[in-house]
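Overview (structure and organization)
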Amino acid sequence: MSLKCEHIVKTYGGKDVLQNVSVEFQPGKIYGLIGRNGAGKTTLLSILTAQNPATAGTVTLDGEKVWENRRALEKLCFSREISGSAESGISAMKVKEYLRIAATYYEHWDKALEKKLVDLFQLDVKKKIGKQSKGMLSMVTIILALCSKAPYTLLDEPVAGLDVVAREQFYKLLLDEYTATGRTFVISTHIIEEAAPLLEEIVILHEGRVLVEGNTQAFLETMAYVSGKDTEVDAATAGLEVHHAETLGRSKGVTVFLRPGQRVDESYDVTVQPVSLQQAFVALCGEGEKHEA
Amino acid sequence: MRRNLKFWTRYTWENAEILLAVTALLGVLMLLGRERPAWDVFAARVPYLLLMSGCFTLYIVNTSSHQLYIPLLIAMGETRRNILYGFLYYRLLAIAGTLAACGLIWGLIPGEISREGLRHLPILLVTMLLASALGSIAGTLTVRWKWVALVAIMIPSGIFGGLIGYMGVGGGTRLEKVLQVASRLLTGTVWPLVLATAVLLAVDGLLQYRVVMTREAKI
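Residues numbered from 1 in each chain as written. Chains lettered and ligands numbered in written order. Predicted model: local features only at pLDDT ≥ 70, side-chain atom pairs only at ≥ 80, totals over all residues. Heavy atoms only, no water.

**Some words on the overall build of chain A**
Each helix and strand counted, chain A has 10 helices and 15 strands in total. Taken over the C-alpha atoms alone, chain A extends approximately 65 × 40 × 40 Å along its principal axes. The buried share among the 293 residues of chain A stands at 53%. A fraction of 69% describes how many contacts in chain A between residues 6 or more apart in sequence connect residues 24 or more apart. Averaging the positions of the 33 positive and the 39 negative side-chain charges in chain A gives two centres separated by 8 Å. (Helix = DSSP H or I, 4+ residues; strand = E, 2+ residues; numbered from the N terminus. Buried < 20%, exposed > 50% of the residue type's maximum accessible area, 1.4 Å probe, protein only. Contact = heavy atoms within 4.5 Å. Lys, Arg positive; Asp, Glu negative; His and termini not counted. Charge placed at Lys NZ, Arg CZ, Asp CG, Glu CD.)

**What to know about the overall build of chain B**
Scanning chain B from terminus to terminus reveals nine helices and zero strands. The linear arrangement of helices and strands in chain B, starting from the amino end, is α-α-α-α-α-α-α-α-α. Out of the 219 residues in chain B, the part that is buried amounts to 51%. A separation of at least 24 residues holds for 83% of the contacts in chain B among residues at least 6 apart in sequence.

**Topic: the sheet that holds strand 7 (residues 152–156) of chain A**
Residue and element names in this part refer to chain A. As summarised here, the arrangement of the six strands in space is 6-7-8-3-9-10, forming an open sheet in which the pairing is mixed. The open sheet is flanked by strand 6 (76–79) and strand 10 (209–215), the only strands paired with a single partner. Averaged over neighbouring strand pairs, the angle between their axes works out to 15° when direction is ignored. For strand 3 (residues 30–35) and strand 8 (residues 184–188), the ladder comprises four bridges, and the chain directions are parallel. Within strand 8, the residue paired with Ile-30 across the bridge is Phe-185. Those strands touched by helix 6 (residues 164–181) are strand 3, strand 7 and strand 8, and its axis lies near 155° from that of strand 8. (Pairing = 2+ DSSP bridges. Axes fitted to C-alpha atoms, helices over the stretch in contact; angles between N-to-C directions.)

**Section: the domain arrangement of chain A**
Residues and elements named next belong to chain A. For chain A, the assigned domains are domain 1 (3–214) and domain 2 (221–292). Computed from C-alpha coordinates alone, the two centres of domain 1 and domain 2 are separated by 34 Å. Counting residues at the interface gives 12 residues for domain 1 and seven residues for domain 2. For the domain 1 and domain 2 pair, buried surface summed over both sides reaches about 900 Å², with 72% attributable to carbon and sulfur atoms. (Domains from an automatic or database assignment. Buried area = accessible area lost by both parts, 1.4 Å probe.)

**Focus on the side chain of Glu-201 of chain A**
Residue and element names in this part refer to chain A. Mapped onto the fold, Glu-201 is located in strand 9 (residues 201–206). In terms of polar contacts, Glu-201 uses its side chain to reach the backbone amide nitrogen of Asn-215, at 3.3 Å. Those residues within four positions of Glu-201 in sequence are excluded, and the remaining contacts are Lys-29, Ile-30, Tyr-31, Gly-32, Gly-214, Asn-215 and Thr-216. (Polar contact = N/O pair within 3.5 Å; in protein donor to acceptor, adjacent residues only side chain to side chain.)

**Re the packing of aromatic side chains**
Summed over the entire model, instances satisfying the criterion amount to 16 aromatic pairs over all chains. Ring plane angle 50° and centroid distance 5.8 Å describe the contact between Trp-8 of chain B and Phe-87 of chain B, whose orientation is recorded as tilted. Taken as a pair, Trp-8 of chain B in helix 1 (residues 2–32) and Phe-87 of chain B in helix 4 (residues 80–108) lie far apart in primary sequence, 79 residues in all. Both residues of the pair, Trp-8 of chain B and Phe-87 of chain B, belong to the buried class. In this structure an aromatic cluster arises from ring pairing among Tyr-105 of chain A together with Phe-7, Trp-8, Tyr-11, Tyr-69, Phe-87 and Tyr-90 of chain B. (Phe/Tyr/Trp six-rings, centres within 6.5 Å; stacked < 30°, edge-to-face > 60°.)

The structure is reproduced here in structure tokens:
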């Protein structure tokens, strides 16, 4: 019982945006999908929900193919970013109409929650989408995601453009909804540090490939930040996979990846600290830092 | 499918409001013209105004449906196959509704104009199918090439606007002329028109299938 994609390839104009991506999303968990710009996050989310056909590979929900399968699609909601630009036809549509169409198509749409969220965000639903600010458009995508009540809900950059207060409101709402319903959420975000406490599972996408997939805490335990005098750090991390190094004079700090059985040699004069999800992500996806010490 | 039908029925009704507004505008222009027609003649001509507005509305709405509503419904989790069925349902409903209204008006108002109108219903059906196919083709091409929208919407809008202006100045007399020319064109080219419509409907069906089944739901 899961949302699963296997060997997904997506090619745009001869360029492979997704290369043999296989990921499984278990029910009742909050997943973080993180990656740099252009890593293929939105493309993956749209393929998972049949909003974009894959060049190759399959997507299944509870063993059934998702593509052109209404029964499977009813359990999915991908609340994608709304561009709202003048070029987009949707810019002339009022938020009220957009939500009305959503309420028509999502079988379990929660009208009461919609009203509550519209009031909470002080959203002017009579205003056209093209006239809304980026933050307001994010609120619309959040309303769609939460009110759809879809068992698997995917959100693409839900907090983009939101101020810190609105972001906190969103995290609280998400957690409340998750606690109350046990729905599965997959959240793509660049604001990693803020979202990290919510993300039970993590998928890191890098250059169209899955770099990391698994429990967030277990993943973070495989990494460590080692700092101290450069010679001591080099000695302590000898043989370990170093992903990110910073030097300041003779001081050095490195992020290392620890394979099963490996550990930092703390007999040297170094400080070993756990890494945050953001540090781990930068270490893994930063440019040209990876090397075997 | 029930939700899909609900959406497309409402969509038809919302567009019918546009159609009625355009028809009312044409009617007012006709009445405000230099030579106001007699009421019974005016009433019997109303279905033609409805048909002109219907063809124009169908064309424009079909074009814009591909730009907005079809990707939006994909984004809302509807299957592409159902969306294609829904879009077809909307088009047939709009055509059937317009022609039924015309038939009803002609049926209620006796006279030569009405008899002629009723006799021409099949060719008027073909004309509406043609407008619908052309609009949909323009819409599907726009998905790939944005500039098509500019040409496909501006040219018919310009022609229709020009026609309104032309008839607005002269009122009933000029509308009569427009209708005579249109009637000659339609009745003189029945089979080429039928053939062209059949070909365009087939092209439309293929293009739609290809575009809708492969497009990404960007909104």
